[in-house]
Amino acid sequence: MQGFRAPGIFFLTTLTTSEQEFLKTLVGNALKNGYTKFIEPCAGAFALSHLAIQAGFKTSQIENSDVSMFTSIMGYAITGQPLEELCLKAKGFRDEELLDPATALYAWKYLSMAKNAEKDYFYNYLVDMEKRRDEHIKFLSEQLNRAKDILGGMNYRTLDMWKHLEEVIDNPNALILANPPTYRSGFEKYYDTNGNMTWKEPEYEIFDPKTGLEELMDKMKSAKSECF
């Protein structure tokens, strides 16, 4: 059950130690040089926002967004927004259960793994999740509270990266760190539940690195904000 036990499950595990140190220095220098807004589109597990806090940014200076259900449940929980707005539905779960962020994350994890239940690893994982459901939900709740203690006060929205960039890319006081998918439909495949969990998904454009990275670079080159 390593995935549920690892400290910092919700952030930083996606970055190596050297990457964290490099980004922390970069973000800290930006703050010292007068940048007052930190923007993280494609927020994922909020790794970059977490580093921005370590570098000295206040939560009120941090703005992030994403289009995934997983990130949005987390983002809403951290920022105190009601989950009713996400209109979550999950097979085997009552609607009122899904108003609790930890239970909603448990449902997503369970249903995202259920599609591979014919494989021994996933089957055993699912059996453990069922046997220790309360323990898993309690652990997820503790992790969310920890994230809220660190990141509470930031601004999170369900929003397409391109739309978010249009809003902030000409703000000369903004530092933007974007970390889009490295292969087409990467996030969609990772977060897929075979339709067993649905929500009020925002409109967005699937990012294709073959064309999207060049488009993103061109947009950032002409930006008035500082972009990476």
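What you are looking at is a predicted structure, and each value in this text was computed from that prediction instead of being measured. (Residues numbered from 1 in each chain as written. Predicted model: local features only at pLDDT ≥ 70, side-chain atom pairs only at ≥ 80, totals over all residues. Heavy atoms only, no water.)

Membership of the largest hydrophobic core comes to 53 residues, with the highest contact counts inside it found for Val27, Phe38, Phe46, Ile73, Leu88, Leu177 and Met197. Listing elements by their share of this core, those giving two or more residues are helix 2 (17-32), helix 3 (47-55), helix 4 (69-79), helix 5 (101-114), helix 6 (120-131) and helix 7 (133-151). Here this core gets 9 residues from one element, more than from any other, and that element is helix 5. If near-sequence neighbours (up to four positions away) are discounted, Val27 is found in contact with Phe38, Ala52, Ala55, Phe57, Leu175 and Leu177. Judged by nonpolar contacts, the second largest core, of 15 residues, contains Cys42, Trp162, Val168 and Leu216. (Core = buried A, V, L, I, M, F, W, Y, C linked by side-chain atoms within 4.5 Å. Buried < 20%, exposed > 50% of the residue type's maximum accessible area, 1.4 Å probe, protein only. Helix = DSSP H or I, 4+ residues; strand = E, 2+ residues; numbered from the N terminus. Contact = heavy atoms within 4.5 Å.)

Positive phi is not limited to glycine here, since Cys87 has a value of about 50°. One can find Cys87 in the loop between helix 4 and strand 3 (89-90). The backbone phi angle of Asn194 is positive, close to 60°, even though this residue is not glycine. Counting through the fold element by element, Asn194 comes out in the loop between helix 9 (186-191) and strand 6 (197-198).

Glancing now at the state of the cysteines. This structure, assessed with the given rule, holds 0 disulfides. Of the cysteine sulfurs around Cys42, a residue in no disulfide, the closest is that of Cys227, at 13 Å. Note on Cys42: relative accessible area 16%, which makes it buried. (Disulfide = S-S within 2.5 Å.)

To continue, consider helix 6. Between its terminal C-alpha atoms helix 6 stretches 16 Å, which fits the 16 Å expected from 12 residues at 1.5 Å a residue. Restricting attention to buried positions, one finds in helix 6 the residues Tyr125, Leu126, Asp128 and Met129. Seen end-on, helix 6 carries its buried residues on one side only, within an arc spanning 160°. The exposed residues of helix 6 that point more than 90 degrees off its buried face are Asp120 and Lys131. (Expected span 1.5 Å × (residues − 1). Arc of directions from axis to C-beta.)

So, about the sheet that holds strand 4 (residues 155-158). Spatially, 5 strands are ordered 4-2-1-5-7 in an open sheet, and the strand pairing comes out parallel. Edge positions in the sheet fall to strand 4 and strand 7 (226-227), since each of these pairs with one other strand and no more. Where strand 1 (residues 37-40) and strand 2 (residues 62-66) come together, 3 bridges link them in parallel fashion. When the bridges of strand 2 are listed, Glu40 appears paired with Asn64. (Pairing = 2+ DSSP bridges.)

Pairing is possible between side chains of opposite charge, provided their charged atoms come close. The final tally for this structure, using the stated rule, is 12 salt bridges. When the shortest N-O distance is used, the salt bridge between Glu97 and Arg94 registers 3.9 Å. Relative accessible area serves as the criterion here: at 16%, Glu97 is assigned to the buried category. Among the ionic pairs, Glu135 bridges to Arg132, the shortest N-O distance being 2.7 Å. Look at Glu135 and you get partly exposed, because its relative accessible area is 37%. One connected set of salt bridges, linked through shared partners, spans Lys37, Glu63, Arg157 and Glu167. (Salt bridge = Lys/Arg side-chain N within 4 Å of Asp/Glu carboxyl O.)

Moving on: the confidence of the model for the protein chain. Taken as a whole, the protein chain shows an average pLDDT of 90; of its residues, 92% reach a score of 70 or greater. Within the model, pLDDT remains below 50 along residues 1-12, and this stretch shows 41 contacts once partners closer than five positions in the same chain are excluded. (pLDDT = per-residue confidence, 0-100.)

Let us now look at the packing of aromatic side chains. For any pair of aromatic rings, the description consists of the separation of the ring centres together with the inter-plane angle of the planes. This model, assessed by the stated rule, comprises 9 aromatic pairs. Ring centres of Tyr76 and Tyr156 lie 6.4 Å apart, and the angle between their planes is 75°; on these two criteria the pair is classed as edge-to-face. Placement of the pair is Tyr76 in helix 4 and Tyr156 in strand 4, with a sequence separation of 80 residues. The buried category is assigned to Tyr76, whose relative accessible area is 7%. Each ring, one from Trp162 and one from Phe207, has its centre 6.2 Å from the other, and the planes form 25°; the classification is stacked. One end of the pair, Trp162, is in helix 8 (residues 161-168); the other, Phe207, is in the loop between strand 6 and helix 10 (209-221), and 45 residues separate them in sequence. Of the two residues examined, Trp162 and Phe207, each falls in the buried class. Taken together through their ring pairs, the aromatic side chains of Phe46, Tyr76 and Tyr156 make up a single cluster. (Phe/Tyr/Trp six-rings, centres within 6.5 Å; stacked < 30°, edge-to-face > 60°.)

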